[in-house]
Amino acid sequence: MSNVKKVLVTATNYSTLCAEAKQLLESHGVEVIENKVGRPHTFDELKELVSDIDGVVAGVDTWNEDVFKLAPRLKAIARFGVGVDNIDLGKAREYGVKVTNVPGGNANAVAELTVGLILSVMRNIPSLHQSARMGYWDRFVGAELIGRTVGLLGFGNIAQMVAKKLSGFDIRIVAYDKFPNADRARELGVELVSSDEVLKQSDIVSMHLPSLPETHHMMSEVQFAMMKETAYFVNTARGALVDEQALYHALRNRLIAGAAIDVYEHEPVSADNPLFQLDNLVSTPHTAAETFETYHKVGLVTAQALLDVFSGKEPLNQVQA
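As the structure is a prediction and not an experimental result, all values here were calculated from the model. Chains are numbered independently. Their residues run from 1 in the order of the written sequence. The predicted nature of this model means local features are confined to residues of pLDDT at least 70 and side-chain atom pairs, given and counted, to a pLDDT of 80 or more, with totals for whole chains, interfaces and linings taken over all residues. To obtain the side-chain values, all non-hydrogen atoms of the structure were used and water was disregarded.

**Things to note about the pairing of strand β1 (residues 6-9)**
For step 1, the next point in the chain: Summary of the burial criterion: residues with accessible area below 20% of their type's maximum are buried, those above 50% are exposed, and those between are partly exposed, where the area comes from a 1.4 Å probe applied to protein chains only. To qualify as a helix, a DSSP run of H or I must reach at least 4 residues; to qualify as a strand, a run of E must reach at least 2; elements of each kind are numbered from the N terminus. Taking every second residue as pointing to the same face, both faces of β1 are buried, with Lys 6 and Leu 8 on one and Val 7 and Val 9 on the other.
For step 2, the next point in the chain: Two strands qualify as a pair provided that DSSP identifies no fewer than 2 bridges between them. Summarising the sheet, β1 and strand β2 (residues 31-33) pair through 3 bridges and their orientation is parallel. Counterpart to Val 7 in the pairing with β2 is Val 32.
For step 3, the next point in the chain: Where β1 and strand β3 (residues 55-58) come together, 3 bridges link them in parallel fashion. When the bridges of β3 are listed, Leu 8 appears paired with Val 56.

**As for helix α2 (residues 19-27)**
For step 1, the next point in the chain: Every buried residue of α2 is accounted for by Ala 21, Lys 22 and Leu 25. In an axial view of α2, the angular spread of the buried residues amounts to 100 degrees, which keeps them on one side of the axis. Among the exposed residues of α2, those pointing more than 90 degrees away from its buried face are Gln 23 and Ser 27.
For step 2, the next point in the chain: Residue contacts follow a heavy-atom distance rule, with two residues in contact if any of their heavy atoms lie within 4.5 Å. Among the structural elements, β1, α1 (14-17), β2 and α13 (292-310) are those in contact with the buried residues of α2. Relevant arc is that of directions from the helix axis to the C-beta atoms, nothing else.

**Focus on the sheet that holds β1**
For step 1, the next point in the chain: If you trace the 5 strands from one edge of the open sheet to the other, you get β2-β1-β3-β4-β5, paired in parallel fashion. The strands lining the two open edges of the sheet, one partner per strand, are β2 and β5 (98-100). Going from strand to strand, the sheet's axes swing by 15 degrees on average, the running direction of each strand aside.
For step 2, the next point in the chain: The strands touched by α13 are β1, β3, β4 (76-79) and β5; relative to β4, the strand with the most contacts, the crossing angle is about 165 degrees. Fitted lines through C-alpha atoms serve as axes, helices being fitted only where they are in contact, and the angles separating the N-to-C directions of these axes extend from 0 to 180 degrees.

**Examining the side chain of Asp 308**
For step 1, the next point in the chain: Considering the arrangement of structural elements, one finds Asp 308 in helix α13.
For step 2, the next point in the chain: His is not counted here, nor are the chain ends, while Lys and Arg score as positive and Asp and Glu score as negative. The rule for a salt bridge is simple: a side-chain nitrogen of Lys or Arg has to be within 4 Å of a carboxyl oxygen of Asp or Glu. Nearest to the buried, unbridged Asp 308 among oppositely charged side chains is Lys 313, at 4.5 Å.
For step 3, the next point in the chain: Sequence-distant contacts of Asp 308, that is, excluding residues within four places in its chain, are made with Lys 313 and Pro 315.

**Topic: the domain arrangement of the chain**
Interface size is commonly expressed as the accessible area that is lost once the parts come together.
For step 1, the next point in the chain: For the chain, the domain assignment lists domain 1 (5-105 + 291-311) and domain 2 (143-283).
For step 2, the next point in the chain: Here domain 1 and domain 2 have C-alpha centroids that lie 30 Å from each other.
For step 3, the next point in the chain: The interface formed by domain 1 and domain 2 includes 1 salt bridge.
For step 4, the next point in the chain: Polar contact criterion, stated in full: a pair of N or O atoms within 3.5 Å, where within protein one must be able to donate a hydrogen and the other to accept it, and residues adjacent in sequence count only if both atoms are side-chain atoms. The interface formed by domain 1 and domain 2 holds 1 residue pair in polar contact (both at pLDDT 80 or more) in total.
For step 5, the next point in the chain: In terms of residue class, the side of domain 1 that touches domain 2 is made up of 2 nonpolar, 2 polar and 3 charged. Boundary definitions for the domains trace back to an automatic or database domain assignment. The residue classification treats Ala, Val, Leu, Ile, Met, Phe, Trp, Tyr, Cys and Pro as nonpolar and Asp, Glu, Lys and Arg as charged. All others, Gly included, are polar.

**What to know about the sheet that holds strand β9 (residues 204-207)**
For step 1, the next point in the chain: Across the sheet, 7 strands lie side by side as β8-β7-β6-β9-β10-β11-β12; this open sheet has parallel pairing. Unpaired on one side and paired on the other, β8 (190-192) and β12 (281-283) mark the two borders of the sheet. On average, each strand axis in the sheet is tilted by 20 degrees relative to the strand beside it, whichever way the strands run.
For step 2, the next point in the chain: Lying over the sheet, helix α6 (residues 107-123) contacts β9, β10 (232-235), β11 (258-261) and β12, oriented at roughly 150 degrees with respect to β10.
For step 3, the next point in the chain: Each of β6 (149-153), β7 (172-176) and β8 touches helix α8 (residues 157-166); the most contacted strand, β6, lies at about 165 degrees to it.

Set out below in structure tokens:
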């Protein structure tokens, strides 16, 4: 059996955007196998690739026992980002696979896109962009942020950055978190309230919670019904947090004014998703972390984590089940 370590990269555009990380791996004799499909891998695609890999730089593909059974050499999964809900941590431990992530590695990128989505849905920027390119001169009366209340569901690194970036818009910010950082809230001028009060008080509700069993479908018909009819909903966290049928119902029946989402219950999202029939939805394809800066930083951290595991060291940012 070859002593050459093999690393499968399921994150996309690795050679282009993570050239230094790839060079770091290859300088240590690692063979890098890159994503050739340009999207998350399906199980059928993974099963053809994992039989002789030692490590993974993982995007949002699903890594569970079905995959681990087919990967006897696998020792480490370095998640290219923060969320590890696509990895079965319990089974990873059973199969001797160490899992790491990069806390805060993409926080600024996600925060910036969140602000961009808020402005886009309030001013209908994507539709007006398409209209202008087609030679039309459509009018759309949008809403301004000034004087509004923005509610953050979750108050971790990304939400705190969103609060800081929005502070110049002369708005009120409220937030909910199960384990709130009261000191940071005071520094940023954020009021800590219950999740129900975030929904009831806010003109814009922005989702920033982790995907856990207890947060699955946290936004359902009951929660959307609590929101103002003039309010907007934004999700750059995880699709599983939202019942998409409930979101569709709320948007179609104008129970809320609009929504902007970067994440979906099932990814890659299908073109026949009913949400895409609606004119009050702005959507992007799970691209919040896709910046040159994020790829460079996260690429190097994940590469080093794998090298540490291969050399017998404990990697930084190891995630436990």
